[in-house]
2 protein chains.
Amino acid sequence: MDQAETDALWAVAESVAEAARRETLKYFRSRELRTETKSADFDPVTVADRAAEDAMRRVLAERRPQDAVLGEERINTSGTSGLTWVLDPIDGTRGYISGTPTWGVLIALSDETGPRLGLIDQPYIGERFMGGLGRASVSGPLGETRLGVRATTVLAEATLFTTFPEVGTEEEGAAFRRVASNTKLTRYGCDCYAYALLAAGQIDLVIEAGLAPYDIHAPIAVVEAAGGIVTDWTGAPAHGGGQVVAAATSELHAAAMALLAP
Amino acid sequence: MDQAETDALWAVAESVAEAARRETLKYFRSRELRTETKSADFDPVTVADRAAEDAMRRVLAERRPQDAVLGEERINTSGTSGLTWVLDPIDGTRGYISGTPTWGVLIALSDETGPRLGLIDQPYIGERFMGGLGRASVSGPLGETRLGVRATTVLAEATLFTTFPEVGTEEEGAAFRRVASNTKLTRYGCDCYAYALLAAGQIDLVIEAGLAPYDIHAPIAVVEAAGGIVTDWTGAPAHGGGQVVAAATSELHAAAMALLAP
(Lines give C-alpha, C1' and ligand atoms only; values in the text may rest on other atoms or scores of the structure.)
Protein backbone atom coordinates (compact mmCIF):
# COMPACT_ATOMS: atom_id res chain seq x y z
CA MET A 1 0.00 0.00 0.00
CA ASP A 2 1.56 3.34 -1.01
CA GLN A 3 1.34 6.66 0.83
CA ALA A 4 -1.52 7.99 -1.30
CA GLU A 5 -3.56 4.87 -0.56
CA THR A 6 -2.91 5.01 3.20
CA ASP A 7 -3.69 8.75 3.26
CA ALA A 8 -6.97 8.05 1.47
CA LEU A 9 -7.90 5.32 3.94
CA TRP A 10 -7.13 7.58 6.90
CA ALA A 11 -9.25 10.34 5.36
CA VAL A 12 -12.17 7.91 5.10
CA ALA A 13 -11.62 6.73 8.68
CA GLU A 14 -11.70 10.30 9.95
CA SER A 15 -14.85 11.09 7.96
CA VAL A 16 -16.49 8.03 9.47
CA ALA A 17 -15.44 9.28 12.92
CA GLU A 18 -16.87 12.74 12.23
CA ALA A 19 -20.20 11.21 11.21
CA ALA A 20 -20.34 9.21 14.44
CA ARG A 21 -19.25 12.20 16.52
CA ARG A 22 -22.22 14.25 15.31
CA GLU A 23 -24.77 11.52 16.06
CA THR A 24 -23.39 10.48 19.44
CA LEU A 25 -23.21 14.08 20.67
CA LYS A 26 -26.81 14.75 19.66
CA TYR A 27 -27.95 12.37 22.39
CA PHE A 28 -25.09 12.49 24.92
CA ARG A 29 -26.31 13.79 28.31
CA SER A 30 -29.75 14.34 26.84
CA ARG A 31 -32.43 13.92 29.49
CA GLU A 32 -34.61 12.11 26.96
CA LEU A 33 -32.12 9.34 26.18
CA ARG A 34 -34.12 6.15 25.86
CA THR A 35 -32.54 2.79 26.50
CA GLU A 36 -33.72 -0.66 25.53
CA THR A 37 -32.72 -3.95 27.04
CA LYS A 38 -30.96 -6.35 24.69
CA SER A 39 -31.07 -9.32 27.02
CA ALA A 40 -32.04 -10.23 30.58
CA ASP A 41 -28.81 -8.59 31.78
CA PHE A 42 -28.65 -4.82 31.72
CA ASP A 43 -27.18 -4.01 28.29
CA PRO A 44 -28.53 -0.70 27.08
CA VAL A 45 -28.71 0.07 23.41
CA THR A 46 -29.37 3.68 22.71
CA VAL A 47 -30.96 5.50 19.88
CA ALA A 48 -27.56 7.16 19.50
CA ASP A 49 -25.82 3.80 19.02
CA ARG A 50 -27.93 2.97 15.99
CA ALA A 51 -28.00 6.48 14.57
CA ALA A 52 -24.20 6.63 14.77
CA GLU A 53 -23.66 3.26 13.09
CA ASP A 54 -26.09 4.18 10.31
CA ALA A 55 -24.23 7.45 9.73
CA MET A 56 -20.88 5.64 9.64
CA ARG A 57 -22.22 3.06 7.18
CA ARG A 58 -23.52 5.81 4.89
CA VAL A 59 -20.01 7.29 4.60
CA LEU A 60 -18.52 3.86 3.87
CA ALA A 61 -21.21 2.95 1.33
CA GLU A 62 -20.36 6.08 -0.60
CA ARG A 63 -16.58 6.13 -0.33
CA ARG A 64 -15.55 2.46 0.13
CA PRO A 65 -18.30 0.29 -1.43
CA GLN A 66 -15.67 -2.36 -2.18
CA ASP A 67 -15.03 -3.07 1.53
CA ALA A 68 -17.04 -5.26 3.91
CA VAL A 69 -18.57 -3.73 7.07
CA LEU A 70 -18.91 -5.43 10.44
CA GLY A 71 -20.75 -3.36 13.05
CA GLU A 72 -22.29 -3.90 16.46
CA GLU A 73 -25.80 -2.80 15.63
CA ARG A 74 -26.61 -3.75 12.03
CA ILE A 75 -26.32 -6.72 9.67
CA ASN A 76 -22.84 -7.28 8.23
CA THR A 77 -22.29 -6.32 4.60
CA SER A 78 -19.75 -8.09 2.38
CA GLY A 79 -17.15 -6.61 0.03
CA THR A 80 -14.72 -7.48 -2.75
CA SER A 81 -11.48 -5.85 -1.53
CA GLY A 82 -10.52 -8.28 1.23
CA LEU A 83 -10.77 -5.39 3.69
CA THR A 84 -13.41 -5.02 6.42
CA TRP A 85 -14.39 -1.93 8.39
CA VAL A 86 -15.07 -2.96 11.97
CA LEU A 87 -17.31 -0.47 13.80
CA ASP A 88 -18.50 0.03 17.35
CA PRO A 89 -20.57 3.22 17.36
CA ILE A 90 -20.50 3.54 21.16
CA ASP A 91 -18.04 1.38 23.06
CA GLY A 92 -18.96 1.74 26.72
CA THR A 93 -22.71 2.24 26.46
CA ARG A 94 -23.05 2.11 30.25
CA GLY A 95 -20.56 4.98 30.53
CA TYR A 96 -22.38 6.86 27.78
CA ILE A 97 -25.78 6.66 29.48
CA SER A 98 -24.13 7.71 32.77
CA GLY A 99 -22.63 10.82 31.17
CA THR A 100 -18.96 9.88 31.67
CA PRO A 101 -16.41 11.05 29.06
CA THR A 102 -14.64 7.68 28.69
CA TRP A 103 -16.83 5.89 26.14
CA GLY A 104 -15.64 5.96 22.54
CA VAL A 105 -16.36 5.41 18.89
CA LEU A 106 -14.26 2.52 17.53
CA ILE A 107 -13.31 2.27 13.86
CA ALA A 108 -10.88 -0.28 12.42
CA LEU A 109 -9.89 -1.43 8.97
CA SER A 110 -8.89 -5.07 9.01
CA ASP A 111 -7.84 -7.87 6.70
CA GLU A 112 -7.83 -11.60 7.44
CA THR A 113 -4.67 -11.22 9.59
CA GLY A 114 -6.22 -8.59 11.87
CA PRO A 115 -6.55 -4.80 12.12
CA ARG A 116 -4.35 -2.59 9.92
CA LEU A 117 -5.69 0.79 11.03
CA GLY A 118 -7.58 1.78 14.17
CA LEU A 119 -9.19 4.89 15.60
CA ILE A 120 -10.60 5.52 19.10
CA ASP A 121 -12.66 8.72 19.14
CA GLN A 122 -14.01 10.49 22.24
CA PRO A 123 -16.52 12.97 20.82
CA TYR A 124 -17.33 14.94 24.00
CA ILE A 125 -13.67 15.72 24.72
CA GLY A 126 -12.95 16.08 21.00
CA GLU A 127 -10.11 13.60 21.23
CA ARG A 128 -8.98 11.08 18.62
CA PHE A 129 -6.39 8.31 19.05
CA MET A 130 -5.12 6.91 15.73
CA GLY A 131 -2.76 4.05 14.97
CA GLY A 132 -1.65 1.94 12.02
CA LEU A 133 -0.46 2.33 8.42
CA GLY A 134 2.42 4.51 9.62
CA ARG A 135 0.41 6.62 12.03
CA ALA A 136 0.52 6.74 15.86
CA SER A 137 -0.93 10.00 17.16
CA VAL A 138 -3.62 11.62 19.26
CA SER A 139 -5.37 14.90 18.56
CA GLY A 140 -7.36 16.69 21.24
CA PRO A 141 -7.46 19.56 23.74
CA LEU A 142 -3.65 19.65 24.00
CA GLY A 143 -3.10 19.64 20.21
CA GLU A 144 -1.67 16.71 18.25
CA THR A 145 1.02 14.54 19.82
CA ARG A 146 2.67 11.21 19.07
CA LEU A 147 1.50 8.07 20.82
CA GLY A 148 4.04 5.80 22.47
CA VAL A 149 3.81 3.25 25.26
CA ARG A 150 6.02 3.63 28.31
CA ALA A 151 8.82 1.27 29.34
CA THR A 152 7.39 -0.42 32.47
CA THR A 153 8.58 -4.03 32.64
CA VAL A 154 7.47 -5.25 36.09
CA LEU A 155 3.97 -5.63 37.55
CA ALA A 156 4.97 -3.95 40.83
CA GLU A 157 5.40 -0.68 38.93
CA ALA A 158 2.42 -1.10 36.61
CA THR A 159 -0.96 0.64 36.46
CA LEU A 160 -3.69 -1.80 35.34
CA PHE A 161 -7.12 -0.89 33.96
CA THR A 162 -10.25 -2.89 33.31
CA THR A 163 -13.92 -1.97 32.93
CA PHE A 164 -15.77 -3.97 35.60
CA PRO A 165 -14.29 -5.41 38.83
CA GLU A 166 -15.95 -8.75 37.96
CA VAL A 167 -14.07 -9.15 34.61
CA GLY A 168 -16.11 -11.87 32.89
CA THR A 169 -16.74 -15.26 34.51
CA GLU A 170 -15.80 -16.17 38.10
CA GLU A 171 -12.63 -17.94 36.89
CA GLU A 172 -11.69 -14.99 34.71
CA GLY A 173 -12.29 -12.64 37.64
CA ALA A 174 -10.00 -14.73 39.85
CA ALA A 175 -7.28 -14.72 37.18
CA PHE A 176 -7.60 -10.95 36.83
CA ARG A 177 -7.26 -10.48 40.60
CA ARG A 178 -4.04 -12.57 40.61
CA VAL A 179 -2.56 -9.94 38.31
CA ALA A 180 -4.23 -6.94 39.99
CA SER A 181 -2.93 -7.86 43.45
CA ASN A 182 0.62 -7.63 42.08
CA THR A 183 0.33 -4.21 40.41
CA LYS A 184 0.98 -0.77 41.84
CA LEU A 185 -2.47 0.52 40.96
CA THR A 186 -5.69 -0.95 39.52
CA ARG A 187 -8.49 1.25 38.19
CA TYR A 188 -11.93 0.53 36.76
CA GLY A 189 -14.52 1.96 34.42
CA CYS A 190 -12.81 3.13 31.23
CA ASP A 191 -13.93 0.74 28.44
CA CYS A 192 -11.96 1.50 25.23
CA TYR A 193 -10.45 4.63 26.75
CA ALA A 194 -8.08 2.41 28.75
CA TYR A 195 -6.41 1.22 25.53
CA ALA A 196 -6.03 4.84 24.45
CA LEU A 197 -4.31 5.66 27.75
CA LEU A 198 -2.00 2.67 27.29
CA ALA A 199 -1.05 3.89 23.81
CA ALA A 200 -0.49 7.39 25.20
CA GLY A 201 2.03 6.10 27.76
CA GLN A 202 -0.19 6.87 30.76
CA ILE A 203 -0.90 3.34 32.00
CA ASP A 204 0.77 -0.02 31.47
CA LEU A 205 -1.73 -2.84 31.24
CA VAL A 206 -5.34 -3.51 30.22
CA ILE A 207 -6.98 -6.87 30.91
CA GLU A 208 -10.53 -7.72 29.87
CA ALA A 209 -12.71 -10.71 29.05
CA GLY A 210 -15.91 -11.34 27.15
CA LEU A 211 -15.16 -8.86 24.37
CA ALA A 212 -16.71 -8.92 20.91
CA PRO A 213 -14.50 -8.48 17.82
CA TYR A 214 -15.77 -4.93 17.26
CA ASP A 215 -14.66 -4.02 20.83
CA ILE A 216 -11.04 -4.83 20.20
CA HIS A 217 -10.03 -4.33 16.52
CA ALA A 218 -9.44 -0.58 16.82
CA PRO A 219 -7.69 -0.81 20.23
CA ILE A 220 -5.31 -3.47 18.82
CA ALA A 221 -4.25 -1.18 15.96
CA VAL A 222 -3.81 1.85 18.23
CA VAL A 223 -1.85 0.02 20.93
CA GLU A 224 0.37 -1.85 18.44
CA ALA A 225 1.14 1.36 16.53
CA ALA A 226 2.24 2.90 19.84
CA GLY A 227 4.66 0.00 20.43
CA GLY A 228 2.53 -2.13 22.73
CA ILE A 229 1.38 -5.74 22.58
CA VAL A 230 -2.20 -7.07 22.45
CA THR A 231 -3.07 -10.78 22.54
CA ASP A 232 -5.60 -13.08 24.16
CA TRP A 233 -4.72 -14.58 27.57
CA THR A 234 -2.78 -17.42 25.88
CA GLY A 235 -0.67 -15.18 23.66
CA ALA A 236 -2.69 -15.81 20.48
CA PRO A 237 -4.14 -13.00 18.30
CA ALA A 238 -6.98 -11.18 20.06
CA HIS A 239 -9.00 -9.82 17.15
CA GLY A 240 -11.56 -12.61 17.48
CA GLY A 241 -12.63 -11.10 20.82
CA GLY A 242 -12.97 -12.89 24.17
CA GLN A 243 -10.10 -12.51 26.63
CA VAL A 244 -7.63 -9.69 26.00
CA VAL A 245 -4.35 -8.61 27.60
CA ALA A 246 -2.72 -5.42 26.30
CA ALA A 247 0.69 -4.42 27.66
CA ALA A 248 3.26 -1.67 27.24
CA THR A 249 6.21 -4.11 26.98
CA SER A 250 6.83 -7.78 26.24
CA GLU A 251 8.16 -8.32 29.78
CA LEU A 252 4.97 -6.98 31.34
CA HIS A 253 2.87 -8.94 28.87
CA ALA A 254 4.67 -12.17 29.84
CA ALA A 255 4.33 -11.43 33.57
CA ALA A 256 0.58 -10.84 33.22
CA MET A 257 0.06 -13.95 31.06
CA ALA A 258 1.86 -16.13 33.62
CA LEU A 259 -0.67 -15.10 36.30
CA LEU A 260 -3.69 -15.26 33.97
CA ALA A 261 -3.01 -18.92 33.04
CA PRO A 262 -5.35 -21.36 34.86
CA MET B 1 -25.59 38.68 50.65
CA ASP B 2 -26.77 40.80 47.68
CA GLN B 3 -26.38 40.04 43.98
CA ALA B 4 -23.24 42.19 43.60
CA GLU B 5 -21.57 40.32 46.44
CA THR B 6 -22.48 36.89 45.12
CA ASP B 7 -21.35 37.88 41.60
CA ALA B 8 -18.02 39.05 43.06
CA LEU B 9 -17.55 35.78 44.94
CA TRP B 10 -18.31 33.73 41.82
CA ALA B 11 -15.82 35.84 39.85
CA VAL B 12 -13.14 35.06 42.44
CA ALA B 13 -14.05 31.35 42.41
CA GLU B 14 -13.72 31.26 38.61
CA SER B 15 -10.37 33.07 38.73
CA VAL B 16 -9.14 30.53 41.27
CA ALA B 17 -10.32 27.76 38.93
CA GLU B 18 -8.51 29.35 35.96
CA ALA B 19 -5.27 29.49 37.97
CA ALA B 20 -5.57 25.81 38.87
CA ARG B 21 -6.49 24.88 35.31
CA ARG B 22 -3.23 26.34 33.95
CA GLU B 23 -1.04 24.54 36.49
CA THR B 24 -2.76 21.17 36.33
CA LEU B 25 -2.68 21.12 32.52
CA LYS B 26 1.06 21.92 32.46
CA TYR B 27 1.75 18.50 33.93
CA PHE B 28 -1.26 16.42 32.83
CA ARG B 29 -0.16 13.50 30.61
CA SER B 30 3.42 14.71 30.82
CA ARG B 31 5.83 11.79 30.58
CA GLU B 32 7.99 13.38 33.28
CA LEU B 33 5.31 13.58 35.94
CA ARG B 34 6.95 12.70 39.22
CA THR B 35 4.99 11.26 42.09
CA GLU B 36 5.89 11.00 45.74
CA THR B 37 4.46 8.66 48.31
CA LYS B 38 2.66 10.33 51.21
CA SER B 39 2.27 7.19 53.28
CA ALA B 40 2.86 3.44 53.12
CA ASP B 41 -0.23 3.14 50.92
CA PHE B 42 0.03 4.36 47.36
CA ASP B 43 -1.09 7.98 47.54
CA PRO B 44 0.68 10.00 44.88
CA VAL B 45 1.20 13.70 45.32
CA THR B 46 2.29 15.39 42.17
CA VAL B 47 4.23 18.49 41.44
CA ALA B 48 1.06 19.70 39.76
CA ASP B 49 -0.97 19.30 42.94
CA ARG B 50 1.25 21.70 44.84
CA ALA B 51 1.77 24.13 41.98
CA ALA B 52 -1.99 24.34 41.49
CA GLU B 53 -2.75 24.95 45.16
CA ASP B 54 -0.05 27.64 45.35
CA ALA B 55 -1.53 29.37 42.29
CA MET B 56 -5.03 29.22 43.79
CA ARG B 57 -3.78 30.63 47.10
CA ARG B 58 -2.07 33.52 45.31
CA VAL B 59 -5.39 34.58 43.74
CA LEU B 60 -7.16 34.37 47.11
CA ALA B 61 -4.40 36.23 48.98
CA GLU B 62 -4.80 39.10 46.54
CA ARG B 63 -8.57 39.22 46.15
CA ARG B 64 -9.98 37.78 49.39
CA PRO B 65 -7.35 38.34 52.13
CA GLN B 66 -10.16 38.49 54.70
CA ASP B 67 -11.13 34.80 54.15
CA ALA B 68 -9.53 31.70 55.63
CA VAL B 69 -8.09 29.02 53.30
CA LEU B 70 -8.15 25.27 53.87
CA GLY B 71 -6.29 23.25 51.23
CA GLU B 72 -5.08 19.71 50.79
CA GLU B 73 -1.41 20.48 50.27
CA ARG B 74 -0.46 23.52 52.34
CA ILE B 75 -0.86 24.88 55.89
CA ASN B 76 -4.28 26.43 56.60
CA THR B 77 -4.48 30.21 56.80
CA SER B 78 -7.01 32.03 58.98
CA GLY B 79 -9.29 34.96 58.11
CA THR B 80 -11.57 37.56 59.65
CA SER B 81 -14.71 37.20 57.47
CA GLY B 82 -16.09 33.95 58.86
CA LEU B 83 -15.75 32.47 55.37
CA THR B 84 -13.28 29.74 54.36
CA TRP B 85 -12.15 28.73 50.88
CA VAL B 86 -11.82 24.96 50.79
CA LEU B 87 -9.48 23.78 48.01
CA ASP B 88 -8.51 20.45 46.52
CA PRO B 89 -6.14 21.20 43.64
CA ILE B 90 -6.45 17.71 42.16
CA ASP B 91 -9.22 15.49 43.44
CA GLY B 92 -8.53 12.05 41.99
CA THR B 93 -4.75 12.07 41.89
CA ARG B 94 -4.70 8.42 40.84
CA GLY B 95 -6.89 9.28 37.87
CA TYR B 96 -4.71 12.28 37.08
CA ILE B 97 -1.48 10.25 36.98
CA SER B 98 -3.26 7.64 34.85
CA GLY B 99 -4.31 10.23 32.27
CA THR B 100 -8.08 9.85 32.75
CA PRO B 101 -10.32 12.92 32.26
CA THR B 102 -12.37 12.40 35.45
CA TRP B 103 -10.21 14.07 38.11
CA GLY B 104 -11.12 17.62 39.06
CA VAL B 105 -10.20 20.84 40.79
CA LEU B 106 -12.49 21.46 43.79
CA ILE B 107 -13.19 24.93 45.12
CA ALA B 108 -15.75 25.76 47.81
CA LEU B 109 -16.58 28.77 49.92
CA SER B 110 -17.95 27.72 53.29
CA ASP B 111 -19.10 29.15 56.58
CA GLU B 112 -19.54 27.31 59.88
CA THR B 113 -22.78 25.71 58.62
CA GLY B 114 -21.16 24.20 55.52
CA PRO B 115 -20.45 25.09 51.88
CA ARG B 116 -22.28 28.07 50.34
CA LEU B 117 -20.69 27.89 46.87
CA GLY B 118 -18.94 25.04 45.08
CA LEU B 119 -17.13 24.49 41.79
CA ILE B 120 -15.93 21.23 40.21
CA ASP B 121 -13.58 21.99 37.31
CA GLN B 122 -12.28 19.44 34.76
CA PRO B 123 -9.45 21.32 33.04
CA TYR B 124 -8.67 18.81 30.24
CA ILE B 125 -12.28 18.74 29.01
CA GLY B 126 -12.68 22.43 29.79
CA GLU B 127 -15.76 21.74 31.86
CA ARG B 128 -16.94 23.55 34.99
CA PHE B 129 -19.83 22.55 37.28
CA MET B 130 -20.98 25.40 39.56
CA GLY B 131 -23.55 25.47 42.34
CA GLY B 132 -24.64 27.72 45.18
CA LEU B 133 -25.56 31.36 45.85
CA GLY B 134 -28.28 31.16 43.23
CA ARG B 135 -26.25 29.35 40.59
CA ALA B 136 -26.61 25.77 39.27
CA SER B 137 -24.94 25.40 35.89
CA VAL B 138 -22.25 23.63 33.88
CA SER B 139 -20.15 25.14 31.12
CA GLY B 140 -18.18 22.94 28.74
CA PRO B 141 -17.98 21.45 25.23
CA LEU B 142 -21.76 21.62 24.80
CA GLY B 143 -22.03 25.25 25.96
CA GLU B 144 -23.61 26.33 29.24
CA THR B 145 -26.62 24.46 30.61
CA ARG B 146 -28.52 24.31 33.88
CA LEU B 147 -27.80 21.58 36.39
CA GLY B 148 -30.65 19.55 37.85
CA VAL B 149 -30.88 16.12 39.39
CA ARG B 150 -33.25 13.56 37.94
CA ALA B 151 -36.34 12.15 39.63
CA THR B 152 -35.33 8.54 40.35
CA THR B 153 -36.87 7.38 43.62
CA VAL B 154 -36.13 3.64 43.78
CA LEU B 155 -32.81 1.78 43.94
CA ALA B 156 -33.88 -0.70 41.25
CA GLU B 157 -33.83 2.15 38.71
CA ALA B 158 -30.74 3.91 40.06
CA THR B 159 -27.20 4.26 38.71
CA LEU B 160 -24.66 4.29 41.56
CA PHE B 161 -21.07 5.54 41.38
CA THR B 162 -18.10 5.25 43.70
CA THR B 163 -14.35 5.53 43.21
CA PHE B 164 -12.91 2.19 44.39
CA PRO B 165 -14.74 -1.15 44.64
CA GLU B 166 -13.36 -1.51 48.19
CA VAL B 167 -15.02 1.73 49.48
CA GLY B 168 -13.13 2.29 52.75
CA THR B 169 -12.97 -0.36 55.49
CA GLU B 170 -14.27 -3.93 55.16
CA GLU B 171 -17.49 -3.01 56.99
CA GLU B 172 -17.98 0.06 54.81
CA GLY B 173 -17.36 -2.06 51.69
CA ALA B 174 -20.00 -4.56 52.83
CA ALA B 175 -22.50 -1.75 53.47
CA PHE B 176 -21.80 -0.32 50.03
CA ARG B 177 -22.38 -3.69 48.39
CA ARG B 178 -25.77 -4.03 50.13
CA VAL B 179 -26.80 -0.90 48.24
CA ALA B 180 -24.96 -1.73 44.99
CA SER B 181 -26.59 -5.16 44.70
CA ASN B 182 -30.00 -3.44 44.65
CA THR B 183 -29.25 -0.84 41.97
CA LYS B 184 -29.68 -1.07 38.21
CA LEU B 185 -26.03 -0.18 37.51
CA THR B 186 -22.89 0.41 39.59
CA ARG B 187 -19.79 2.07 38.14
CA TYR B 188 -16.35 2.87 39.51
CA GLY B 189 -13.47 5.26 39.09
CA CYS B 190 -14.82 8.79 38.83
CA ASP B 191 -13.76 10.60 42.05
CA CYS B 192 -15.40 14.08 42.20
CA TYR B 193 -16.70 13.74 38.64
CA ALA B 194 -19.41 11.39 39.96
CA TYR B 195 -20.97 14.24 41.98
CA ALA B 196 -20.89 16.41 38.86
CA LEU B 197 -22.77 13.70 36.92
CA LEU B 198 -25.32 13.45 39.73
CA ALA B 199 -25.89 17.22 39.62
CA ALA B 200 -26.19 17.02 35.82
CA GLY B 201 -28.99 14.46 36.07
CA GLN B 202 -26.94 11.64 34.53
CA ILE B 203 -26.67 9.31 37.54
CA ASP B 204 -28.66 8.95 40.77
CA LEU B 205 -26.42 8.06 43.68
CA VAL B 206 -22.82 8.46 44.89
CA ILE B 207 -21.57 6.62 47.97
CA GLU B 208 -18.06 7.00 49.36
CA ALA B 209 -16.14 6.64 52.61
CA GLY B 210 -12.88 7.92 54.02
CA LEU B 211 -13.20 11.40 52.49
CA ALA B 212 -11.42 14.50 53.74
CA PRO B 213 -13.36 17.78 54.16
CA TYR B 214 -11.69 19.28 51.05
CA ASP B 215 -12.96 16.28 48.99
CA ILE B 216 -16.60 17.00 49.68
CA HIS B 217 -17.29 20.72 50.31
CA ALA B 218 -17.51 21.64 46.61
CA PRO B 219 -19.52 18.52 45.65
CA ILE B 220 -22.05 19.26 48.43
CA ALA B 221 -22.66 22.77 47.08
CA VAL B 222 -22.96 21.60 43.47
CA VAL B 223 -25.29 18.68 44.22
CA GLU B 224 -27.50 20.69 46.61
CA ALA B 225 -27.80 23.55 44.12
CA ALA B 226 -28.99 20.99 41.54
CA GLY B 227 -31.71 19.78 43.92
CA GLY B 228 -29.94 16.73 45.36
CA ILE B 229 -29.16 15.67 48.92
CA VAL B 230 -25.74 15.03 50.48
CA THR B 231 -25.25 13.72 54.03
CA ASP B 232 -23.09 11.24 55.88
CA TRP B 233 -24.34 7.65 56.17
CA THR B 234 -26.43 8.55 59.26
CA GLY B 235 -28.14 11.56 57.67
CA ALA B 236 -25.97 14.17 59.41
CA PRO B 237 -24.10 16.96 57.54
CA ALA B 238 -21.22 15.57 55.45
CA HIS B 239 -18.88 18.54 55.22
CA GLY B 240 -16.64 17.11 57.93
CA GLY B 241 -15.66 14.31 55.53
CA GLY B 242 -15.73 10.56 56.20
CA GLN B 243 -18.73 8.63 54.86
CA VAL B 244 -20.86 10.33 52.23
CA VAL B 245 -24.12 9.48 50.47
CA ALA B 246 -25.32 11.84 47.74
CA ALA B 247 -28.70 11.20 46.12
CA ALA B 248 -30.97 12.69 43.48
CA THR B 249 -34.10 12.48 45.65
CA SER B 250 -35.05 12.14 49.32
CA GLU B 251 -36.69 8.75 48.62
CA LEU B 252 -33.49 7.36 47.09
CA HIS B 253 -31.41 8.88 49.88
CA ALA B 254 -33.59 7.15 52.50
CA ALA B 255 -33.44 3.82 50.65
CA ALA B 256 -29.63 3.96 50.48
CA MET B 257 -29.28 5.01 54.14
CA ALA B 258 -31.47 2.09 55.26
CA LEU B 259 -29.05 -0.38 53.62
CA LEU B 260 -25.90 1.47 54.73
CA ALA B 261 -26.87 1.28 58.43
CA PRO B 262 -24.91 -1.41 60.34
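Scroll up a little and you will see the structure.
The rules we used
Residues numbered from 1 in each chain as written. Chains lettered and ligands numbered in written order. Predicted model: local features only at pLDDT ≥ 70, side-chain atom pairs only at ≥ 80, totals over all residues. Heavy atoms only, no water. Helix = DSSP H or I, 4+ residues; strand = E, 2+ residues; numbered from the N terminus. Rg over C-alpha atoms; globule rule 2.2 N^0.38 Å. Buried < 20%, exposed > 50% of the residue type's maximum accessible area, 1.4 Å probe, protein only. Contact = heavy atoms within 4.5 Å. Least-squares fit on C-alpha atoms with pLDDT ≥ 70 in both. Pairing = 2+ DSSP bridges. Axes fitted to C-alpha atoms, helices over the stretch in contact; angles between N-to-C directions. Parallel < 35°, antiparallel > 145°, perpendicular 65-115°, else oblique. Left-handed = near helix turned anticlockwise from the far one by under 90°. Nonpolar A, V, L, I, M, F, W, Y, C, P; charged D, E, K, R; others polar.

Is there a simple way to explain the overall build of chain A in this structure?
Along the backbone of chain A there are seven helices and 14 strands. The C-alpha atoms of chain A give a radius of gyration of 17 Å, which matches the 18 Å a tight globule of 262 residues would have. For chain A, the spread of C-alpha atoms along the three principal axes comes to 50 × 45 × 35 Å. Counting all 262 residues of chain A, 60% fall into the buried class. In chain A, of all internal contacts separated by at least 6 residues, the share reaching a separation of at least 24 is 60%.

Help me out: how do you make sense of the relation of the copies chain B and chain A in this one?
The relation between the two chain copies is a rotation about an axis coupled with a shift along that axis. Expressed as a screw transformation, the operator carrying chain B onto chain A has a rotation angle of 180° and an axial translation of 0.0 Å, and the superposed copies differ by an RMSD of 0.0 Å. Such a combination of rotation and displacement between the chain copies is what one expects of a two-fold axis. Most of the interface of chain B is mirrored in chain A, where 100% of its interface residues are also at the interface.

I would appreciate a short explanation of the sheet that holds strand 13 (residues 229-231) of chain B in the present structure.
Within a beta sheet, neighbouring strands are joined by backbone hydrogen bonds and run either parallel or antiparallel to one another. All names here are of chain B. Taking strand neighbours across the sheet as the criterion, the five strands line up as 11-10-12-14-13 in an open arrangement whose pairing is mixed. The sheet is open, and its two borders are formed by strand 11 (185-188) and strand 13, each paired with just one other strand. Strand after strand, the sheet turns through a mean of 15° between neighbouring axes, direction not considered. Note: strand 13 against strand 14 (residues 242-247), three bridges, orientation antiparallel. Among the inter-strand pairings, Ile229 is bridged to a residue of strand 14, identified as Ala247. Running over the sheet, helix 7 (residues 250-260) touches strand 12 (205-211), strand 13 and strand 14 and is turned about 145° from strand 14.

Looking at this model, I keep getting lost on the packing of helix 4 (residues 170-180) of chain A against helix 7 (residues 250-260) of chain A. Mind explaining?
Pairs of packed helices are described in terms of their axes, by the angle between the two and the distance that separates them. Residue and element names in this part refer to chain A. Interhelical geometry of helix 4 versus helix 7 gives an angle of 135° and a closest axis separation of 8 Å. As the angle between them shows, helix 4 and helix 7 are arranged oblique. In this structure, helix 4 meets helix 7 at a crossing whose hand is right-handed. Side by side, helix 4 and helix 7 meet where Ala175, Phe176, Arg178 and Val179 of the first sit next to Ala256, Leu259 and Leu260 of the second. Split by residue class, the contact of helix 4 with helix 7 holds six nonpolar, no polar and one charged.

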